[in-house]
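Overview (structure and organization)
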Amino acid sequence: MDRTKVEAAKTAVCLVAKKMAEAGLTAGTWGNVSQRVDDEYMVITPSGMDYAKLFPENMVLVNLRTHEYEGELKPSIEVPVHAAVYLARPEAGGIVHTHSTAALTVASARKPIPAICEDQVQILGGDVRVAPYVMPGSEELAEGVVEALKDRAGALMANHGAIALGRDVNEALTGAVVLEKTARIFLDAMAIGGAVELPEEDCAMFHDFFLHKYGQGKG
């Protein structure tokens, strides 16, 4: 294991966790953030600690397959979810799980969000599905989240919250922000008669553009 990568992941996860809390994407000590280290390990936020008081050394190194962890601090209860996503999605480098208001509102209604916003389909890949409700921290929840995330970078978790993945943890945070904004727009659009979905072929084009051409230095 490359310890330099571990320390870099701890710094990145700590910073994104603080940004998540400051952006109002979670309340109290709920929600969690992780970054892949390699094919065997991830770094994840500790369980039940105030985001404002976190330091990189508080982040927890966890084995993706055994869920064994290093150090005295317990990792987030959602280790099974993060680990299952990393194992199923080798392109995923970071994960952000939020309890943001609009996303949780839609998740509590157990309603999927259709593909209605250009930034939604660019970053998340299309419509937003809802993983079934099961107990937090369970393998059943992990299985449901992996299925809801199939070909997507964001999903809702019924009566629980939202989850977003990215090629790194900062991209995952962007996905979480876009998912929350999309949920707010969906709720507002429903109040005035409902949103109109984007064509499926446009969704595929937008997502491909984001992954391969968006930004500087890309063709």
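Residues numbered from 1 in each chain as written. Predicted model: local features only at pLDDT ≥ 70, side-chain atom pairs only at ≥ 80, totals over all residues. Heavy atoms only, no water.

Concerning the overall build of the protein chain
Counting secondary structure elements, the protein chain contains seven helices and seven strands. Overall, the protein chain shows an N-to-C arrangement of helices and strands of α-β-β-β-α-β-α-α-β-α-β-β-α-α. The C-alpha atoms of the protein chain give a radius of gyration of 17 Å, which matches the 17 Å a tight globule of 219 residues would have. C-alpha atoms of the protein chain, sized along the principal axes, occupy 50 × 40 × 30 Å. In the protein chain, buried positions account for 49% of the 219 residues. (Helix = DSSP H or I, 4+ residues; strand = E, 2+ residues; numbered from the N terminus. Rg over C-alpha atoms; globule rule 2.2 N^0.38 Å. Buried < 20%, exposed > 50% of the residue type's maximum accessible area, 1.4 Å probe, protein only.)

Looking at the packing of helix α2 (residues 79–88) against helix α5 (residues 139–148)
The geometry of α2 relative to α5 is characterised by a closest axis approach of 8 Å and an angle of 40 degrees between their N-to-C directions. The angle between α2 and α5 places the two elements in the oblique class. Regarding α2 and α5, the two cross each other, and that crossing is right-handed. The residues of α5 that touch α2, namely those facing Pro 80, Val 81, Ala 84, Val 85 and Ala 88, are Glu 139, Leu 141, Ala 142, Val 145 and Val 146. Classifying every residue of the contact of α2 with α5 gives nine nonpolar, no polar and one charged. (Axes fitted to C-alpha atoms, helices over the stretch in contact; angles between N-to-C directions. Parallel < 35°, antiparallel > 145°, perpendicular 65-115°, else oblique. Left-handed = near helix turned anticlockwise from the far one by under 90°. Contact = heavy atoms within 4.5 Å. Nonpolar A, V, L, I, M, F, W, Y, C, P; charged D, E, K, R; others polar.)

Description of the pattern of salt bridges
Across all of its chains, the model carries seven salt bridges by this definition. For the salt bridge of Asp 127 with Arg 152, the shortest nitrogen-to-oxygen distance reads 2.7 Å. One end of the pair, Asp 127, is in the loop between α4 (118–124) and β5 (130–131); the other, Arg 152, is in the loop between α5 and β6 (154–157), and 25 residues separate them in sequence. (Salt bridge = Lys/Arg side-chain N within 4 Å of Asp/Glu carboxyl O.)

Let's talk about unusual backbone geometry
Most peptide bonds are trans, and most residues other than glycine sit at a negative phi. Of note in the backbone geometry, His 67 takes a positive phi value of approximately 65 degrees without being a glycine. By secondary structure assignment, the location of His 67 is in the loop between β3 (60–63) and α2. Look at His 67 and you get partly exposed, because its relative accessible area is 24%. Positive phi is not limited to glycine here, since Asn 159 has a value of about 60 degrees. Tracing the backbone through its elements, the reader meets Asn 159 in the loop between β6 and β7 (161–166). For Asn 159, a relative accessible area of 35% gives the class partly exposed.

Just geometry here; none of it tells us what the structure is for.
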